[in-house]
There are 4 protein chains.
Amino acid sequence: MSTLAGSAQKQLKQIVEQIERLEEEKKALSADIRDKYLEAKGLGFDVKVLRQVVRLRKKSHVERQEEQTVLEVYLHALGMLDEMKAVESEVERMIAAE
Amino acid sequence: MSTLAGSAQKQLKQIVEQIERLEEEKKALSADIRDKYLEAKGLGFDVKVLRQVVRLRKKSHVERQEEQTVLEVYLHALGMLDEMKAVESEVERMIAAE
Amino acid sequence: MSTLAGSAQKQLKQIVEQIERLEEEKKALSADIRDKYLEAKGLGFDVKVLRQVVRLRKKSHVERQEEQTVLEVYLHALGMLDEMKAVESEVERMIAAE
Amino acid sequence: MSTLAGSAQKQLKQIVEQIERLEEEKKALSADIRDKYLEAKGLGFDVKVLRQVVRLRKKSHVERQEEQTVLEVYLHALGMLDEMKAVESEVERMIAAE
DNA sequence: CACTGGAAAATGCCGC
DNA sequence: GCGGCATTTTCCAGTG
């Protein structure tokens, strides 16, 4: 038949409600995170870059290096690596100047 | 200058840590939700359908409000809050007239 | 190794250039669309409302298909293509029963 | 009154249709671009990195440098710059080794 | 020029 | 284990 047994129906309802409860909590946390970024913005931080930092910290050092390496190979193939190198030496300079 | 003031540096650290804390909690909730679906699956429910049910319920919750909002924009744009009926049928007609 | 073979390098260049070409065309179309809205504005239409009309029409085009898809999933999951009516009302009931 | 004059109505219809036509073309281009990436993937390229390359080429050298600088300041504040530096010297090595 | 909302991209999940 | 689909996140254009 095409309807669920009464017990199954109850189970289903419970499960759906529990899931919805969890999703609400998750949504609330998303809002909190968004607020944190806004707070940071209010303090003068660059939100976009801040997100980048959080993302970078999530990735392990190894992953980062791997991805970076592939990128450099491609840029090199396109003759764009010299340009990038200029940016990086600027960074080097910054580090040295501290 | 190329470095943050000590106070800003502390703020930044705090913010990043708070964000990471919140993201962990969020991730834990995602895991809980996934587990709920697995539990349901163990009870014989079709997970894909279950997800669709949850999605549908969410949509029907949200959508009414949205449609209301759209209508309000129309009413506002046309500046005729007391000729609702006419506006609505005009909109219907425009959409239908493809 | 850290460099691409000559052939791969050529391929990469070609692909990147083709993508960039396509993105330019896409950008040009975006500009055309923007111009159309401006033209409409010049003729006295309310651009915001006009955008909403276009969006609504798109949605109503897409949404039917989606709903169809949802229905198909249900039918499939329940393996009862010839008891459609029963399934539909079951779904309605489940959604309504919040 | 709440209905458009016949002429305005015709204009509106035309404009909407023209816009929809343009949006379809735009959508087709998006599909073409997606296909290009898939083609590249078939040839063994890393799509994610490829997208990054295209993005980088779009940004001017100056923009790139500015954004990079802010990022480095934040990473420095978090004591993450040494790590990153290691990655970059790896790149340096690659460049030297060619 | 900050905000909102919509498009595109990245990620995660499920099936095979 | 991978490829496709759905969700989530990120980005960008348009608006006030």
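Structure: above.
Presented here is an overview of the structure given in this document. In this numbering scheme, every chain counts its residues from 1 along its sequence in written order. Chain letters and ligand numbers both follow the written order, the letters beginning at A and the numbers at 1. In view of the model being predicted, local features appear only for residues whose pLDDT reaches at least 70, and side-chain atom pairs are presented and counted only at 80 or more, with totals across whole chains, interfaces and linings using the full set of residues. Just so you know, side-chain values use all the structure's heavy atoms and leave hydrogens and water out.

A short note on the overall build of chain A
Definition in use: Secondary structure elements are taken from DSSP: a helix is a run of H or I of four residues or more, a strand is a run of E of two residues or more, and numbering for both begins at the N terminus. Any residue under 20% of the maximum accessible area for its type is buried, any over 50% is exposed, and the rest in between are partly exposed; the area is computed with a 1.4 Å probe on protein chains only. The Shrake-Rupley method, run with a 1.4 Å probe, gives the accessible areas here. Residue values count only the displayed protein chains as cover.
In terms of regular secondary structure, chain A is built from four helices and zero strands. For chain A, the α and β elements follow one another from N to C terminus as α-α-α-α. Within chain A, the proportion of its 98 residues that are buried is 36%. Summed over all atoms, the accessible surface of chain A reaches about 5,700 Å², with 51% contributed by carbon and sulfur.

Things to note about the protein's contact with DNA strand E
Operational definition: One heavy atom within 4 Å of a molecule or strand is enough for the residue carrying it to be called near that molecule or strand. Throughout this description, a polar contact denotes any pair of N or O atoms lying within 3.5 Å of each other; where both atoms belong to protein, one of them has to be capable of donating a hydrogen while the other can accept it, and for residues adjacent in sequence the pair is counted only when both atoms sit in side chains. For this scheme, ten residues count as nonpolar: Ala, Val, Leu, Ile, Met, Phe, Trp, Tyr, Cys and Pro. Four count as charged, namely Asp, Glu, Lys and Arg, and the remainder, Gly too, count as polar.
Lining the immediate surroundings of DNA strand E are Lys41 of chain A, Arg34, Lys41 and Arg51 of chain B, Lys26, Arg55 and Lys58 of chain C together with Ser30, Lys48, Arg51 and Arg55 of chain D. Here DNA strand E approaches the protein such that, of its atoms within 4 Å, sugar and phosphate make up 100%. Between Arg34 of chain B and DNA strand E, the recorded distance is 2.5 Å, taken from a side-chain N or O atom to a phosphate oxygen. One nitrogen or oxygen atom from the side chain of Arg55 of chain C is found 2.3 Å from a phosphate oxygen belonging to DNA strand E. Elements with a minimum of two residues in the surface near DNA strand E: helix 1 (6-42) of chain B, helix 2 (47-78) of chain C together with helix 2 (47-58) of chain D. The biggest single contributor to the surface near DNA strand E is helix 2 of chain D, with three residues. Each residue belonging to the surface near DNA strand E can be placed in one class, and the counts come to no nonpolar, one polar and ten charged.

Quick look at the protein's contact with DNA strand F
Every residue near DNA strand F is listed here: Lys26 and Arg51 of chain A, Lys26 and Arg55 of chain B together with Arg34, Val47 and Arg51 of chain C. Among all atoms of DNA strand F positioned within 4 Å of the protein, those belonging to sugar or phosphate total 100%. The contact in question runs from a phosphate oxygen of DNA strand F to an N or O atom on the side chain of Arg51 of chain A, over 2.7 Å.

Some thoughts on the environment of Lys48 of chain C
Residue and element names in this part refer to chain C. By the element assignment, Lys48 lies in helix 2. On the basis of relative accessibility, which here comes to 57%, the residue Lys48 falls in the exposed class. In the structure, Lys48 is positioned 19 residues away from Leu29 in sequence and 19 Å away in space, judged by C-alpha atoms.

Considerations on a positive patch on the surface
Heads up, the condition is: Candidate patch residues must exceed 30% relative accessible area and have no salt bridge, after which like charges are joined if within 9 Å and Val, Leu, Ile, Met, Phe, Trp or Tyr side chains if within 5 Å. For salt bridges, the criterion is a side-chain nitrogen of Lys or Arg within 4 Å of an Asp or Glu carboxyl oxygen. When charges are counted, Lys and Arg contribute as positive and Asp and Glu as negative, whereas His and the chain ends are disregarded. To locate a charge, take NZ of a lysine, CZ of an arginine, CG of an aspartate or CD of a glutamate.
Together, Arg51 and Arg55 of chain A together with Arg51 and Arg55 of chain D make up a region of like positive charge exposed at the surface. Elements with a contribution of two residues or more to the positive patch: helix 2 (47-58) of chain A together with helix 2 of chain D. Along the chain, Arg55 of chain A turns up in helix 2.

Focus on the packing of helix 1 (residues 6-42) of chain C against helix 1 (residues 6-42) of chain D
Just so we agree on the cut-off: In this analysis an axis means a line fitted to C-alpha atoms, helices contributing only their contacting stretch, and an angle means the value between N-to-C directions, from 0 to 180 degrees. We call two directions roughly parallel when the angle between them is under 35 degrees, roughly antiparallel when it is over 145, roughly perpendicular when it lies between 65 and 115, and oblique otherwise. Take the far helix as the reference: if the near one is turned anticlockwise from it by less than a right angle, the crossing is left-handed, and if turned clockwise, right-handed.
Two elements in contact, helix 1 of chain C and helix 1 of chain D, have axes separated by 9 Å at closest approach and are oriented at 165°. Taken together, helix 1 of chain C and helix 1 of chain D sit at an angle that is classed as roughly antiparallel. At the point where helix 1 of chain C passes helix 1 of chain D, the crossing takes the left-handed sense. For the contact of helix 1 of chain C with helix 1 of chain D, the class distribution of residues is 14 nonpolar, four polar and ten charged.

What to know about the packing of aromatic side chains
Where we set the bar: In summary, the pairing rule links any two rings of Phe, Tyr or Trp, Trp by its six-membered ring, whose centres are within 6.5 Å, and it sorts them by plane angle into stacked for under 30 degrees, edge-to-face for over 60 and tilted for everything else. Lysine and arginine charges are scored as sitting over a ring when NZ or CZ, respectively, is within 6 Å of the ring centre and within 35 degrees of the ring normal.
Within the structure shown, the criterion is met by two aromatic pairs over all chains. Residues Phe45 of chain A and Tyr74 of chain D carry aromatic rings whose centres are separated by 5.8 Å and whose planes lie at 75° to one another, so their mutual orientation is edge-to-face. Highlighted residues: Phe45 of chain A in the loop between helix 1 (6-42) and helix 2 and Tyr74 of chain D in helix 3 (residues 61-77), drawn from two different chains. The pair Phe45 of chain A / Tyr74 of chain D is uniform in exposure class, with both members buried. When the ring centre of Tyr37 of chain C is taken as origin, the NZ or CZ atom of Arg51 of chain C, which lies over that ring, is 4.1 Å away.

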